[in-house]
Amino acid sequence: MGIITLMINYNIQLSSMSFGGSVSAMISSIKANQNLRQKRTYFDKNQHEAILKKERKALVFKSLNPEAREKLKRRIARLKREKKRKYYKVYGLTGLITVLFFLFIYTILKYAFF
């Protein structure tokens, strides 16, 4: 038996089963994907050569003079302090409101049932 006759017999057997349509569709999808995989080229030679020919520019890093560097450090430190203060204010106020809320509920329940 050749491969073609086995495939024909296989397709006939699949079509006699209740799931033959979906299985044969999956098989044909797998075969189509295999064919695409074999035909695919991963590098286009023209683009690859063009990339290699481009001149690569060196990175230029700007340097700060000592005065500007100190000024920047002070500014970063100030912003960090302000952020920390804001954090303390927000969470402190939230904690205070939570404590006051529970004290309020406690006093209401204390006088309501006793």
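Residues numbered from 1 in each chain as written. Predicted model: local features only at pLDDT ≥ 70, side-chain atom pairs only at ≥ 80, totals over all residues. Heavy atoms only, no water.

**Q** Is there a simple way to think about the overall build of the chain in this case?
**A** Looking only at helices and strands, one finds four helices and zero strands in the chain. When its helices and strands are written in sequence order, the chain yields α-α-α-α. Taken over 114 residues, the chain has a buried fraction of 3%. Total accessible area on the chain is roughly 11,900 Å²; 64% of this is exposed by carbon and sulfur atoms. (Helix = DSSP H or I, 4+ residues; strand = E, 2+ residues; numbered from the N terminus. Buried < 20%, exposed > 50% of the residue type's maximum accessible area, 1.4 Å probe, protein only. Areas by Shrake-Rupley, 256 points an atom, 1.4 Å probe, with all protein chains shown as cover.)

**Q** Which parts of the structure should I look at to understand the packing of aromatic side chains?
**A** Think of a pair of aromatic rings as described by two things: how far the centres are apart, and how the planes are tilted against each other in angle. Using the criterion set out here, one finds three aromatic pairs in the structure. When the ring of F101 is compared with that of F102, the centres are 5.7 Å apart and the planes differ by 70°; the resulting orientation is edge-to-face. Members of the aromatic cluster, joined through ring pairs, are Y87, Y88 and Y91. (Phe/Tyr/Trp six-rings, centres within 6.5 Å; stacked < 30°, edge-to-face > 60°.)

**Q** Is there a simple way to explain the pattern of salt bridges in this structure?
**A** Any two side chains of opposite charge can pair, on the condition that their charged atoms come close. Under the counting rule described, the total for this entry stands at one salt bridge. Note that R78 and E82 form a salt bridge whose closest N and O atoms lie 3.2 Å from each other. Linking R78 with E82, this pair stays in helix α4 (residues 66–113), spanning four residues, or about one helical turn. E82 sits in the partly exposed class, given a relative accessible area of 38%. (Salt bridge = Lys/Arg side-chain N within 4 Å of Asp/Glu carboxyl O.)

**Q** I'm lost on a nonpolar patch on the surface in this one. Help?
**A** A cluster of nonpolar side chains, F101, F102, F104, I105, I108, L109 and F113, forms an exposed patch at the surface whose accessible area comes to about 750 Å². With respect to the helices, strands and loops of the structure, I105 is situated in helix α4. (Patch = residues over 30% accessible without salt bridge, like charges linked within 9 Å, V, L, I, M, F, W, Y side chains within 5 Å.)

**Q** Would you mind showing me how to read the confidence of the model for the chain here?
**A** A low pLDDT score tells you not to read the predicted coordinates there in detail. In this model, the chain carries a mean pLDDT of 77, and residues with pLDDT of at least 70 account for 64%. Within the chain, the element-level pLDDT minimum falls on helix α1 (residues 3–16), averaging 50, and the maximum on α4, averaging 94. (pLDDT = per-residue confidence, 0-100.)

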